[in-house]
Amino acid sequence: MIYVRNAEERGHANHGWLDTHHTFSFADYYDADFMGFRTLRVINEDTVAPQRGFGMHPHRDMEIITYVLGGKVEHRDSMGTQAVIQPGEVQRMSAGTGVVHSEMNNFSEPLHMLQIWILPKEKGLKPGYEQKAFDAKERQGRFRVVASPDGREGSLTVHQDLLLHGTLLGKGESAEYALSPGRHAWVQVARGSGTLNGVKVKAGDGVAVSSEDKLVLTAETPVEALLFDMA
């Protein structure tokens, strides 16, 4: 089963400094049919104006992944972390028992990023932070794991039975992924257009996948995409 959540159907809000699209229900956007997928709760595509951003605010009991597509974001939190995340880097923050953080675009160009929330395997975990760079060559033409429960292959560690992969595809290039029995996938297309198992997809689309043993993503124009493999 393959179901495409079209980019145009997402929730949308433009606050001037923030232009945001919500794949699943979030903030003032509510759709009972799109509350998340399996343990994946939020995918927000945010464009933040220069010298603006999200001031200090709290989270708890959530695995939060930041994936930067363009520009840079400065992160600060109550754990004492201060970091800048840019394209090619992925950040994981475990909110656990509670953390306060900010995400600011203190730079001269717009910030374009995906904000991803994953439900943790259990509540009350110790808050934590991790950030790693994944070279484009590692993702080109293949699905490269960037987050996993056990930090395999140098990936980030996420506290859930979930594997997150990233890929970059040139025009006409394909990447294949084997989905084990009983597993489900969500594919989020960040840029470009192509097909997933023959189904047309484009930037901003999300694709729910169940009962498929193999996924083949083929680019008609250069593609950047994320694949979530979940129980």
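- The protein is annotated in an unreviewed UniProt entry as Quercetin 2,3-dioxygenase from Myxococcus fulvus.
- According to UniProt, the comment filed for the protein under the heading Sequence similarities (unreviewed entry) is "Belongs to the pirin family."

**A short note on the packing of aromatic side chains**
Part 1 of the reasoning: Within the structure shown, the criterion is met by 6 aromatic pairs.
Part 2 of the reasoning: With 5.4 Å between their ring centres and 70° between their planes, Trp-17 and Phe-54 make a pair best called edge-to-face. Linking Trp-17 in the loop between strand E2 (11–14) and strand E3 (18–22) with Phe-54 in strand E5 (residues 52–59), this pair joins segments that are 37 residues apart in sequence.
Part 3 of the reasoning: Linked through ring pairs, Phe-24, Phe-37 and Trp-186 together constitute an aromatic cluster.

**Focus: the sheet that holds strand E7 (residues 73–77)**
Part 1 of the reasoning: Judged by pairing direction, the sheet is antiparallel, and its 4 strands sit side by side in the order E5-E10-E7-E8 without closing on themselves. The open sheet has two free edges, formed respectively by E5 and strand E8 (82–85), since each of these has just one partner strand. Between one strand axis and the next, the sheet turns through 20° on average, direction left out of account.
Part 2 of the reasoning: Of the pairings in the sheet, the one linking E7 to strand E10 (residues 99–105) comprises 4 bridges and is antiparallel in character. If you follow Glu-74 over to E10, its bridge partner there is Met-104.

**Considerations on the pairing of strand E11 (residues 111–118)**
Part 1 of the reasoning: Among the 8 residues that make up E11, 7 are buried, leaving the element largely enclosed by the rest of the structure.
Part 2 of the reasoning: As paired strands, strand E4 (residues 40–48) and E11 are joined by 8 bridges and run antiparallel to one another. Residue pairing in the sheet places Ile-43 in a bridge with Ile-116 of E11.

**Quick word on the domain arrangement of the protein**
Part 1 of the reasoning: Along its sequence, the protein is organised into domain 1 (11–133) and domain 2 (136–230).
Part 2 of the reasoning: Between domain 1 and domain 2, the C-alpha centre-to-centre distance is 20 Å.
Part 3 of the reasoning: With 27 residues of domain 1 at the interface, the matching set in domain 2 holds 25 residues.
Part 4 of the reasoning: Interface area for domain 1 against domain 2, summed over the two sides, is near 2300 Å², with a carbon-plus-sulfur share of 68%.
Part 5 of the reasoning: The largest contributions to the domain 1 side of the interface with domain 2 come from Phe-37, Tyr-67 and Leu-69, which together make up 24% of the buried area.
Part 6 of the reasoning: For the pair domain 1 and domain 2, the interface holds 0 salt bridges.
Part 7 of the reasoning: Among the secondary structure elements, those contributing two or more residues to the side of domain 1 that touches domain 2 are E4, strand E6 (63–70), strand E9 (89–94), E11 and strand E12 (128–133).
Part 8 of the reasoning: Within the side of domain 1 that touches domain 2, the residues separate by chemical class into 14 nonpolar, 6 polar and 7 charged.

**Here's the deal with the UniProt feature "binding site: Fe cation" (unreviewed entry) in the protein**
Part 1 of the reasoning: Here the UniProt-annotated "binding site: Fe cation" (unreviewed entry) positions come out as His-57, His-59, His-101 and Glu-103. A compact arrangement is adopted by the annotated residues: their sequence extent is 47 residues, whereas the largest C-alpha distance between any two is 12.8 Å.
Part 2 of the reasoning: You can call His-59 buried: its relative accessible area is 16%.
Part 3 of the reasoning: Ignoring any residue separated from it by four or fewer positions in sequence, one finds His-59 in contact with Ile-64, Met-93, Ala-95, Gly-98, Val-99, His-101 and Trp-117.
Part 4 of the reasoning: On the secondary structure map, Glu-103 appears in strand E10.
Part 5 of the reasoning: In this structure Glu-103 comes out as buried when scored by relative accessible area, which is 6%.
Part 6 of the reasoning: Each residue touching Glu-103, except ones within four places of it in the same chain, is listed here: Gly-53, Phe-54, His-57, Thr-66, Val-73, Glu-74 and Gln-115.

Scoring rules and cut-offs
- Residues numbered from 1 in each chain as written.
- Predicted model: local features only at pLDDT ≥ 70, side-chain atom pairs only at ≥ 80, totals over all residues.
- Heavy atoms only, no water.
- UniProt positions renumbered as here; feature names shortened; annotations may be inferred.
- Phe/Tyr/Trp six-rings, centres within 6.5 Å; stacked < 30°, edge-to-face > 60°.
- Helix = DSSP H or I, 4+ residues; strand = E, 2+ residues; numbered from the N terminus.
- Pairing = 2+ DSSP bridges.
- Axes fitted to C-alpha atoms, helices over the stretch in contact; angles between N-to-C directions.
- Buried < 20%, exposed > 50% of the residue type's maximum accessible area, 1.4 Å probe, protein only.
- Domains from an automatic or database assignment.
- Contact = heavy atoms within 4.5 Å.
- Buried area = accessible area lost by both parts, 1.4 Å probe.
- Salt bridge = Lys/Arg side-chain N within 4 Å of Asp/Glu carboxyl O.
- Nonpolar A, V, L, I, M, F, W, Y, C, P; charged D, E, K, R; others polar.

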